Every structure is written in C-alpha cells, then in structure tokens.
Amino acid sequence: MAEISGSVVKVDHGPKVRGEARFVADYPMEGILYGKTLRSDRARAKIQAINVPELPMGYVVADARDVPGKNGVLIIGDDTPVFAAETVEFVGDPIAMVAGPDEAEVERILREIEVEYEDLEPVLDMRKSEKVFYEYGYEKGEVDKAFAEADKVYEEILQTGHQEHGYLETQGITVVPLAGGKVKVHGSIQCPYYVRKALVLALGIEPGDIQVIQDVTGGGFGGKEDYPSMIGARVAVTALKAGKPVRVVYDRREDMATTSKRHPTYSVYKAAVKDGKVTAMDIDLLYNAGAYTTISMVVLQRGTICSNGVYNIPHMRAHGRSVKTNSVPNGAFRGFGAPQVFFAVEMFMAHIAKDLGVDPVAFKEAHFVKKGDKTSTNGIFHHGVPLPQMNEKLLTASDYWAKREAYASQPKGRYQRGIGMSYSFHGGGFTGTGERDIIKAVAALQKYPDGKVEILTSGTEMGQGLFTTFAKIVAKELDCPIDQIIVKLPDTDRVPDSGPTVASRSIMVVGELLRRAAAKIKAEWKDGEAQRVEERFQQPEWQIPFNYDTFQGDAYPTFSWGAHCVEIEVDTYTGEQKVIGAWACYDVGTPIDTTVVIGQMEGGFLQGIGYAHMEQMNYDKKGRIRSNSYSDYTMPTAADVPKMEMHLCVEEYPEGPFGAKGAGELPLVGVPGAYVNALEQAIDKDFCHIPVTMEDTLTHWREGGQA
Ligand code: MTE
Ligand code: MOS
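Position numbers for residues start from 1 in each chain and track the written sequence from start to end. Here the convention is simple: chains get letters from A, ligands get numbers from 1, in the order in which they are written. Given that the model is predicted, a residue must reach a pLDDT of at least 70 before its local features are reported, and side-chain atom pairs must reach 80 or more before they are shown or counted; all residues, however, enter totals for whole chains, interfaces and linings. No hydrogens and no water enter the side-chain calculation; it runs on all heavy atoms of the structure.

(A) Representation of the overall build of the protein chain. Per the convention used, a helix needs a DSSP run of H or I reaching at least four residues, while a strand needs a run of E reaching at least two, with both numbered from the N terminus. Counting its secondary structure elements, the protein chain contains 18 helices and 24 strands. Radius of gyration means the value over C-alpha atoms here, while the globule rule gives 2.2 Å times the residue count to the 0.38 power. Its C-alpha radius of gyration of 25 Å places the protein chain within 12% of the 27 Å reference for a compact globule of 707 residues. When the backbone C-alpha atoms are referred to their principal axes, the protein chain occupies close to 75 × 70 × 50 Å. For every residue, the accessible area (1.4 Å probe, protein chains only) is compared with the maximum for its type, and the residue is labelled buried under 20%, exposed over 50%, or partly exposed between those bounds. Out of the 707 residues in the protein chain, the part that is buried amounts to 62%. Here, two residues are considered to be in contact whenever any of their heavy atoms come within 4.5 Å of each other. Taking the intrachain contacts of the protein chain between residues at least 6 apart in sequence as the baseline, contacts between residues at least 24 apart amount to 81%. The accessible surface values rely on the Shrake-Rupley method and a 1.4 Å probe; as for residues, cover is taken only from the protein chains in view. Here the protein chain displays about 26000 Å² of accessible surface, and carbon together with sulfur accounts for 50% of that area. Charge centroids of the protein chain, computed over 76 positive and 97 negative side chains, lie 1 Å from each other. Charge assignment: positive for Lys and Arg, negative for Asp and Glu; neither His nor the chain ends contribute. Where a charge lies is defined by one atom per residue type, namely NZ (Lys), CZ (Arg), CG (Asp) and CD (Glu).

This is how it looks when you write it as structure tokens:
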C-alpha cells in the first residue's frame, strides 16, 4: 500500500464527536423567521386561486408572483418552478411559502390558506407517460446480424424501485438578505455554486451579489445535489419579500415525501448467444423522472452508457428514455443511474447462465472486459481492469464454490441458504467531456506568512472524508504535517468553483489539481510570505472526445471496479431474509486514506443491501407517497449490518493524485445483483425486480413455490 494510505484522525472529527459542529438547524433563531412550504395535495391540477387569510403583523406569504427573476430553478433545465404558478405536477409541489417569527403561527396560517384546483388526470405509471424528457441511443458492431446468427435469443424485463437517501440530517437552508441587495445563503448543501447559479436566475441578480456557504452537512448521497437550489430559491424569494432572514428546515416526513429519490426503472434486455457466449445485446431503458427534469439528463446518460455492465459485448444497441410522471422529481443518488442497469445486466447474465447450465460466476468471468477493449460507446478501457484478481480474491475469501455447490443440493428445511456474486464499475468524474466543457474546475492553495496552507475549493464534506483526504494530499506533496493545512467549509465568496461534489470526482479531479498546486507552491516556496497558486482542469490528451449526439468516445477517462459476494439465509416460515456473509473487493486506485475508503465501502455496500431488499417506497392511487417515515420505509440500521469483509485491489490511475480514482459511489452500485442471485439460489426462484422484499418471498411460496 502506498505511504499516503495509512490512516489519520479525520480533520472534522473533533467538533462532530464533541457535538460542537453547527448544522443549519443549530444556529440561534434570533431575528430569523421560520419558513414553511405550502404544497399541492393533488398530483396534477390547475391552480385557480390561492386564498390567503389576513396575516398578522410580521408574517409574509410568498408565491410565484413574488419571484423577482424567472420562476424557474436552474438545475440543468429551469422547468422546475420556484413556486407552482398555473399547474401543480405532483403531490408536494410547492405553491407558496409562509414565514414569520412564531413557528406554530406559521403552521396555522399554512393550514388556513385555501388553494382552489381544477383536477387533471395524473400519469403515475412511467410506461403510460405522455412526455419524454430525454432520449439517447447508440449502437456498436452489427447487432441485427448477431441476433440473426444466434443459437439462442433471450429476453427479460427488469425493474427497480425508488430509493430514498435517508441522510441523517434533513434538508435545510437559511437565507439572509444583506444591505445593498446582497443575499447570503447557508445550509446543508452539496454544491454551493449550483445554489448560487440557481439564485442568479430566480432573483435576477448578479452572481457577485450572492454568497453561498456550506454548513456542516449530515450526509447528502446525491440528495443535496439539486434540491438545495430549489429550497434556496424559495427561501430567498420569501426572505426578500419579508426583508428578513428566513430559515427552512424540513422535518423527516416532509423530506421523505417531497424531495428527490433514485429513479425507478423498467428495462427490457435482449441477448443473442452463440457458442455459449453473449455476442449481442439490445437494451431498452425507461427511467421515471417524476414531474420535472432536474438532473434526469445526466442520470440517464450514465445509465445508458453502463447498461452492458462489466461485459465485453461486441455488438450492442442501447436506447434509453427518461419520462415524466406526476410524482416527486427524481434526482441524483449515489451511482447516478448506474445501480439500476447494473442490477438488470447482472440478473440477466445470471439467468442466461442458468439456462445454459453453467455457473453464473464462470459465465460472467468469460465475458469480463479487459484493458484495451472497447467500451460500450467505442471508447477504450485505457487502464488495467483487475476484475479477474478481484474475483479470485472473493471466491477464496467467501469459499464460494464449495458453498454454491452445497446450497444447490441443500435439504429442504426451515432455513434455506444461497450465495451469489456480482460485478460493477464506476466511471470517475462527469460523463463525456463534462469536466472539460462544463465544469472547468479551478482549485487554489493560499499560503500564509506563517507557513500554513489553506485549501480553496468548492468541495463539500458530507461524511465521505473529503476534508481529510484533501488535506492529506496537500500535506504529502508539501511534505509537511497535516495540521499545517487549513480546510474550511466552502464559501463562494472565498473559494473558486472547483465544481460540484458529485460523480465521485473530488479526489480524482480536484485532488489532483490540489496536488499540482502544492507541487508548485513547494517549488516556489518563500518563507514568511503569502503565496497563492491556482490550478485548472485539463483533459488528458489520450482521452477520446465524447460525442453527446452519437454517444461515441470515452465516456469516462478511467473506471473504479467492484466485485461483491453475498450469502443469505431465508426463513421459510416468516419469509425473512438475512445476510450471513458479505464480501467485497474494490479497486479505487491508491486509497488516500484506508479507513476513509473502508468507511465508504462498508456504508455503500450496506446501502446496496437496503436497495436490494428492504427499501420500498409506495405511492397510492392519488400519487401520494405512503412510505414517508422510517417506520414505513425500512432502511438498514446497525442491527442489519452483517459481518462485512472488504478487500482492496489497487490499479493506480496515473492522472489521479498519487494514483487515486473515484471511490464514493462505487461500493453501492453493484451490490443488488449479488444479493438477489444469493436469494434466488436459497429459494430456487428467479427474480427480475428490486426490492425483493419479505413479502415477495412469501408470495412465491403462497403461489406454489417449494419451500
Ligand atoms: N459518503 C457519506 N458518508 N456521505 C455522503 O453523502 N455521498 C456519496 C459518496 N459517499 C456520500 C458519501 C456520493 S453520492 C458521492 S457523488 C460522493 O460521496 C461524493 O464525494 P467524493 O467526490 O468525495 O467521492
Ligand atoms: Mo453523487 S449521486 O454523484 O452526488
């Protein structure tokens, strides 16, 4: 392991464990108004009137008419209204905001506002959607020919459900109008510059008049990528109308029922098999975007590109659509459109193997991509692909072959066991040429006369250890102790725009800029003087430019790799599924801090287990989310943590700091495939959807399946 990989105490650890860290809800409320959101209780309707009762002194109600700029929250498109004006498009669509000094009084006013609607027929089933937001497709090789020449053709429909982020801290933002028309925003934010950009449009003021600061944040997982822009715009409009600071902090129910989630999908996979190998795939993907576009465009791009998983399919066609429904807009969630397709392709490959009478692991291994192979989009896997070594490691660690054989012929009894494996990758950074053409990251280091060096980036800490790993990278390059390095919560008035903290890009992209800046500062070091160095992103020369129209080229410069093994036991009396063994091997390049990386692995793996079988979000016929609390939406808790064995395999990335690649999302992405394959063996039934819940196993037996 590289020297840098040894672990240190996290730089943000002290204040958090001592309870001194200030989250947005911890700021005193003196002089700040409580804000609450009036939301649609219809999935689709025309707004005919908003009747507001007489307001006591000091209270305000803001709605679409009060938006000084454009009534659109700029995310990628700006179709998400700040406040719904003519129509509401989902249950929970914000119509107005009430603010005032007394929280109970604000709630009373909220209850007394009457909205008159003219109901319209909502579309809740994505297959019946009337509107395609985005559509992408690409083709490589000769797909039709391969199907025509196949020995056998397979087709399967695979479906995935919603997933709720379940960050510990709910969404919250404070907006403070300052003298001279400036606006200061602070809160639980993943991407401060995104919030600033959204406020420029909604408030119609200059970027320089908006200051956005991240407060200590209790988890994001993608859920605080776009959403703070929406709350930020709403609170800002209300604060400007009131002429006073306003704070909004959601309670758990509001957060679960109205903020973004993982896109559910409905996918049709077809494969041509010749001489025991998959020669072609034809893939059709449908992503349920919900009511507005938010970031469905990039979620769909990643999903479509990754739809063949870690397999070299010489002839393939992929087509993806992201469609509107009258439900909560779905957004980013760890993996960004990829976990859906990795589940689909892993199950599809396992089911083909079963039909061919071969073990899924051997079948999948025979199709693994390797260095130099073409990617789905005719890019190249430029760097080493350690899948075979990772696979070997797990087969040994889990004793897969012996268990797989034993469970195949286990006697029928109350407890049935199974074991399964799955494989995944995660492309680091923005898709295509996004880093070069859209993000254009800038990172800076400021050296002070006393020799301390401050990191200046817009990178946010959400528990993923970024402040620590950034500090380690700079300290290592400067060859100084880590306590010489200063990292503060990002403030757009002080830090350059190094891009959003998404797409597992921070260490690989921004970390490398910091390393280069540190090398420069070291070379030019002048004792006792202030110095500042800035570095800008440059796309590696060998990267094949990606064409967004044809979906051809390198979608990602490099990939992180994952292999997973899950062993489960099912209680045939209760239907209960229990993980009794969990192994994974991940290649994230050089781990910048082993404890941080293992933390990411274990947490991500567990989120994958939840996604596979526990987390189910239900809507009723009127489009209302019923699973709006932790008692209705079960997520893995400490009690569900199995014994997890995490292994690392290091394939250094020459363009990443000290050889590091992205680590943040990878560990969740491929887990459900292993879980469901283990379940299939345990109860001898194939599944094509997640979550596969306890009720699903019970239904299987009720319908005549053998226990
Ligand atoms: N880990 C923790 N503890 N909390 C989080 O909110 N977000 C994940 C991942 N790991 C998250 C996390 C997501 S969705 C991403 S994109 C990455 O961290 C972002 O951080 P990185 O760029 O530093 O990997
Ligand atoms: Mo992560 S889903 O890219 O915020």
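(B) Expanded view of the packing of helix α8 (residues 338-356) against helix α17 (residues 671-683). As a packed pair, α8 and α17 sit with axes 8 Å apart at the nearest point and diverge in direction by 35°. Between α8 and α17 the crossing geometry is right-handed. Contact residues: α8 offers Phe343, Glu346, Met347, Ala350 and His351, while α17 offers Pro672, Gly673, Val676, Asn677 and Glu680. Taken together, the residues of the contact of α8 with α17 break down into five nonpolar, three polar and two charged. Here an angle of 0 to 180 degrees is reported between the N-to-C directions of two axes, which are lines fitted to C-alpha atoms, with helices fitted over the stretch in contact. Note on convention: the crossing is left-handed when the near helix lies turned anticlockwise from the far helix by less than a right angle, right-handed when the turn is clockwise. We call Asp, Glu, Lys and Arg charged. Ala, Val, Leu, Ile, Met, Phe, Trp, Tyr, Cys and Pro are nonpolar, and the rest, Gly among them, are polar.

(C) Geometry of the side chain of Thr572. Assignment of secondary structure puts Thr572 in the loop between β21 (559-571) and β22 (577-587). In protein, a polar contact means a hydrogen-donor-capable atom and an acceptor-capable atom, both N or O and within 3.5 Å, with residues adjacent in sequence counting only if both atoms are side-chain atoms; elsewhere, any N or O pair within 3.5 Å suffices. From its side chain, Thr572 meets the backbone oxygen of Gly413 in a polar contact 3.5 Å long. For Thr572, the side chain forms a polar contact with the main-chain oxygen of Arg414, separated by 2.7 Å.

(D) Quick look at the packing of aromatic side chains. Think of it this way: a Phe, Tyr or Trp ring, Trp meaning its six-membered ring, pairs with another when their centres are within 6.5 Å, and the plane angle makes it stacked under 30 degrees, edge-to-face over 60, tilted otherwise. Tallied over the entire structure, the rule returns 17 aromatic pairs. On the numbers, 5.3 Å between centres and 85° between planes, the contact of Phe546 with Tyr548 is edge-to-face. By relative accessible area, Phe546 is classed as buried at 6%. On the accessibility criterion, Tyr548 (28% relative accessible area) is partly exposed.

(E) The arrangement of the nonpolar core in detail. Buried Ala, Val, Leu, Ile, Met, Phe, Trp, Tyr and Cys residues that are joined via side-chain atoms within 4.5 Å together make up what is termed a nonpolar core. Within the largest apolar cluster, 132 residues are counted, with the highest numbers of intra-cluster contacts made by Tyr269, Met281, Trp561 and Phe605. With 11 residues, the single largest contributor to this core is α8. Counting the residues that make up this core, at least three belong to each of domain 1 (24-122 + 165-258) and domain 2 (265-430 + 553-697). By size, the runner-up hydrophobic cluster in this structure holds 30 residues, among which are Cys191, Leu466, Ile485 and Leu513. Boundaries of every domain are those given by an automatic assignment or by a domain database.

(F) Highlighting the environment of Tyr573. In this structure, Tyr573 sits in the loop between β21 and β22. Setting aside its immediate chain neighbours within four residues, Tyr573 contacts Arg414 and Leu698.

(G) Representation of the environment of Val216. Relative to the helices and strands, Val216 is located in the loop between β11 (210-214) and α5 (227-242). Take Val216: its relative accessible area is 14%, and that puts it in the buried class. Residues in contact with Val216, not counting those within four places in the same chain, are Lys16, Ala21, Arg22, Phe23, Glu169 and Leu489.

(H) Molecular detail of the sheet that holds strand β23 (residues 644-648). The strand order β16-β21-β22-β23 describes an open sheet built from four strands, whose pairing is mixed. Of all strands in the sheet, those with a lone pairing partner are β16 (415-427) and β23, marking the two edges. Shown here is a sheet whose adjacent strand axes are inclined to one another by a mean of 15°, direction ignored. Any two strands with at least two DSSP-identified bridges between them are counted as paired. Note that β21 and β22 share 10 bridges and pair antiparallel. Opposite Glu567, over in β22, you have Gly581 as the bridge partner. Relative to the sheet, helix α15 (residues 594-613) contacts β21, β22 and β23, its axis offset from that of β23 by approximately 125°.

(I) Broad picture of the domain arrangement of the protein chain. Taken domain by domain, the protein chain consists of domain 1 (24-122 + 165-258), domain 2 (265-430 + 553-697) and domain 3 (434-536). Relative placement of domain 2 and domain 3: their C-alpha centres are 33 Å apart. At the junction of the two partners, domain 2 supplies 22 residues and domain 3 supplies 21 residues. Buried area between domain 2 and domain 3, summed over both chains or domains, comes out near 1700 Å², and the portion from carbon and sulfur atoms is 71%. By convention in these notes, a salt bridge is any Lys or Arg side-chain nitrogen within 4 Å of a carboxyl oxygen on Asp or Glu. Our enumeration of links across domain 2 and domain 3 arrives at one salt bridge. Residue Lys472 pairs with Asp593 through a salt bridge whose shortest N-O separation is 2.9 Å. Linking domain 2 with domain 3 are five residue pairs in polar contact (both at pLDDT 80 or more), by the criterion used here. Defined here as a combined quantity, buried area equals the accessible surface (1.4 Å probe) lost by two parts on assembly, summed across both.

(J) How the structure looks around the pattern of salt bridges. Throughout the structure, instances matching the rule amount to 46 salt bridges. Connected through salt bridges with shared partners, the residues Glu477, Glu512, Arg515, Arg516, Lys520 and Glu535 form a single ionic network.

(K) Summary view of α8. Its 19 residues give α8 an end-to-end C-alpha distance of 27 Å, which sits within 8% of 27 Å, the value for a rise of 1.5 Å per residue. Of all 19 residues that make up α8, 16 are buried, and the element is covered over most of its length. Where α8 terminates, the next one or two residues include Gly357, which has phi positive at roughly 75°. In this analysis, the expected span of each helix is defined as 1.5 Å times one less than the number of residues it contains.

(L) Up close: the site of ligand 1. As a matter of local geometry, ligand 1 sits amid 18 residues, with Gly220, Phe221, Met462, Ser506 and Gln600 nearest to it. A distance of 2.9 Å is found between a nitrogen atom of ligand 1 and a backbone nitrogen or oxygen belonging to Met462. At 3.4 Å, a backbone N or O of Arg505 approaches an oxygen atom of ligand 1. Coverage of ligand 1 by the protein chains reaches 92% of its 520 Å² of free accessible surface. Partitioned by chemical class, the residues of the shell around ligand 1 number five nonpolar, 10 polar and three charged. Only heavy atoms are used to decide nearness, and a residue is near a molecule or strand if one of them lies within 4 Å of it.

(M) Here's a closer look at the pairing of β11. Across the five residues that make up β11, a large majority, five, are buried. By the alternation rule, side chains of β11 split into Ile210, Val212 and Gln214 and Gln211 and Ile213, which are all buried. As defined by bridge partners, strand β10 (residues 183-187) adjoins β11 across five bridges and the pair is classed as parallel. For Gly187, the partnering residue across the bridge sits in β11 and is Gln214. One crossover worth recording links β10 to the parallel β11 by way of helix α4 (residues 192-203), and it is right-handed. Whether a crossover is right-handed comes down to one check: with the strands pointing away from the viewer, does the path from the first strand over the helix to the second run clockwise; if it does, it is right-handed.

(N) Summary view of the sheet that holds strand β19 (residues 485-487). The sheet built from four strands is open, its strands ordered β19-β18-β17-β20 with mixed pairing. Either end of the sheet is taken by a strand with one partner, and the two such strands are β19 and β20 (531-536). Averaged over neighbouring strand pairs, the angle between their axes works out to 20° when direction is ignored. Pairing of strand β17 (residues 442-447) with β20 involves six bridges; the strand directions are antiparallel. From the neighbouring strand, Ala443 faces β20, where its bridge partner is Glu535. Running over the sheet, helix α13 (residues 466-478) touches β17, β18 (453-456) and β19 and is turned about 155° from β19. Strands β17, β18 and β20 of the sheet are contacted by helix α14 (residues 506-523), whose axis makes an angle of about 140° with β20.

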